[in-house]
Amino acid sequence: MRPIPDLSRRSFIATGAALLGMGVSGPAAAAAAFFKRVNLPIGLQLYTLGPEATKDLDATFAEVARIGYRAVELAGFMGRTPQEIRAALDRVGLICPSAHIQPRSAGAEGFSGDLGKLAEALAVIGVKNAVAPSPYIPDHALKAAQGATGADYYRKATGALTAEDWKMNADFLNEKAAVLKRSGIKVGYHNHNFEFAPKGDSTGLEILLKHTDPGLVSFEADVGWIAAAGVDPLTFIRKHKGRFTQMHVKDVKASTQTNVELRMDPTEIGSGRLDWKTLLPGAYAAGVRGFFVEQEPPFERPRIEAARISHDFLAKLEG
């Protein structure tokens with residue numbers, strides 16, 4: 001069933017104003033490319049490009065900008081100072097409104113370190129959204145994963161999280177968000193698919209949504225992982241309208257089997273099973289304002305080429 005369009009007075013006025021600003025009306029307006037219509041940049045989560053991308057930051061950013069991306073999201077500081085990152089961004093006209101910040105890290109790039117210094121670093125780069133890319137994993141869950149390696153280690157550690165651990169994570173996010181809000185930094189949480197594993201009569205993600213303060217903590221919907229969990233991304237985002245303010249634009253192949261154990265068959269945007277023409281406008285209507293392409297390994301082609309394919313599909317997508 002096709003979702004019912006958002007026909008609220010506010011969305012109607014906002015959409016009309018955007019189209020008038022573009023000088024478009026009538027049938028041509030309905031066919032306007034989505035990102036032009038909403039006047040938002042297509043962003044790229046730099047995790048997509050892998051560790052090789054950090055070796056020559058200027059060359060990486062230049063190629064990202066050449067493709068047409070106008071925003072990036074950091075997955076760590078890539079061994080650079082905030083000043084070096086900002087200078088490299090400025091040289092090619094990119095912005096960086098969002099960054100993934102590790103929960104357990106006590107260093108300059110972590111939520112468990114000096115939050116004042118973290119806020120200063122993010123301000124230099126221009127980051128306004130500090131997103132936890134995963135939960136704070138307590139010692140007992142790390143111990144449960146001992147002996148495992150690679151992705152299996154993370155699967156076992158996250159699988160050992162209890163409902164109380166997820167409640168602790170909600171408290172953790174509220175606490176960090178209250179501090180960083182004073183510096184103009186918003187705190188968010190990015191999901192995978194293990195957050196959909198049952199925890200009593202709920203799930204990890206539902207516990208986070210219930211126990212975090214909507215005035216402090218927002219969410220970044222990774223729609224590829226949501227789909228891999230067997231959940232319709234747009235239905236879920238609409239259910240929690242206003243809580244998801246950013247999105248990882250990620251596609252999955254039809255061969256992806258429903259699971260909550262960090263497994264998916266990834267592909268470029270437009271080559272998988274997600275209905276982007278419906279999903280993107282629907283997510284925008286539900287409050288999403290930051291869109292970042294991200295693709296998981298394994299890749300069937302060079303990562304930068306995959307990023308280009310995804311960008312070009314989105315740049316032409318009507319919605």
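Every value quoted in this text rests on a predicted model; they were computed, and no experiment measured them. (Residues numbered from 1 in each chain as written. Predicted model: local features only at pLDDT ≥ 70, side-chain atom pairs only at ≥ 80, totals over all residues. Heavy atoms only, no water.)

A.B. asks: Can you help me understand the side chain of Asn191 in this one?
C.D. replies: By secondary structure assignment, the location of Asn191 is in the loop between strand E5 (186-190) and strand E6 (198-199). When sequence neighbours within four positions are dropped, the list of residues in contact with Asn191 reads Phe196, Leu205, Glu220, Ala221, Asp222, Trp225 and Ile226. (Helix = DSSP H or I, 4+ residues; strand = E, 2+ residues; numbered from the N terminus. Contact = heavy atoms within 4.5 Å.)

A.B. asks: Explain the packing of helix H9 (residues 163-181) against helix H10 (residues 204-211) to me, please; I cannot follow it from the model alone.
C.D. replies: Angle between the axes and distance between the axes are the two parameters that describe a pair of packed helices. Look at H9 against H10: their axes get within 9 Å of each other, and the N-to-C directions meet at 40°. Regarding the angle of H9 to H10, the classification is oblique. In the packing of H9 onto H10, the handedness of the crossing is right-handed. Of the residues in H10, those touching H9 at Ala163, Trp166, Lys167, Asn169, Ala170, Leu173 and Asn174 are Gly204, Ile207, Leu208 and His211. Of the residues that constitute the contact of H9 with H10, the class distribution is 6 nonpolar, 4 polar and 1 charged. (Axes fitted to C-alpha atoms, helices over the stretch in contact; angles between N-to-C directions. Parallel < 35°, antiparallel > 145°, perpendicular 65-115°, else oblique. Left-handed = near helix turned anticlockwise from the far one by under 90°. Nonpolar A, V, L, I, M, F, W, Y, C, P; charged D, E, K, R; others polar.)

A.B. asks: I tried to follow the pairing of strand E3 (residues 95-100) on my own but got confused; where do I start?
C.D. replies: Residues in a regular strand project their side chains so that they alternate between the two faces of the sheet. Summarising the sheet, strand E2 (residues 71-75) and E3 pair through 4 bridges and their orientation is parallel. Its bridge partner being in E3, Ala71 is matched across the sheet by Ile95. Running through helix H5 (residues 82-92), the crossover from E2 to the neighbouring parallel element E3 is right-handed. In terms of strand pairing, E3 meets strand E4 (residues 129-132) through 3 bridges, oriented parallel. Following the sheet pairing, Ser98 is matched in E4 by Asn129. Taken together, E3, helix H6 (residues 115-125) and E4 form a β-α-β motif whose crossover is right-handed. (Pairing = 2+ DSSP bridges. Right-handed = clockwise from strand over helix to strand, strands pointing away.)

A.B. asks: Where do I start with the confidence of the model for the protein chain in this structure?
C.D. replies: Looking at the protein chain, the pLDDT average stands at 92 and 90% of residues meet or exceed 70. Across residues 1-30, where pLDDT falls below 50, the model places 18 contacts with residues more than four positions away in sequence or in other chains. (pLDDT = per-residue confidence, 0-100.)

A.B. asks: Would you explain H5 in this entry?
C.D. replies: Counting along an α-helix, one turn takes 3.6 residues, and residues three or four places apart therefore face a common direction. Turning to H5, its buried residues are Pro82, Ile85, Ala88 and Leu89. Buried residues in H5, looked at end-on, bunch into an arc of 135°, giving them a common side. Elements in contact with the buried residues of H5: helix H4 (57-67), E2, E3 and H6. Just downstream of H5, Gly93 is the residue with a positive phi angle, here 80°. (Buried < 20%, exposed > 50% of the residue type's maximum accessible area, 1.4 Å probe, protein only. Arc of directions from axis to C-beta.)

A.B. asks: Just checking my understanding: could you explain the sheet that holds E3 for this structure?
C.D. replies: Each strand in a sheet pairs with another by means of backbone hydrogen bonds, the pair being arranged parallel or else antiparallel. Read around the closed barrel, the 8 strands follow the order E1-E2-E3-E4-E5-E8-E9-E12; overall the barrel is parallel. Strand-to-strand twist of the sheet, defined as the mean angle between neighbouring strand axes without regard to direction, takes the value 30°. In this structure, E4 lies alongside E5, joined through 4 bridges in parallel fashion. When the sheet's bridge partners are listed, Asn129 is paired in E5 with Lys186.

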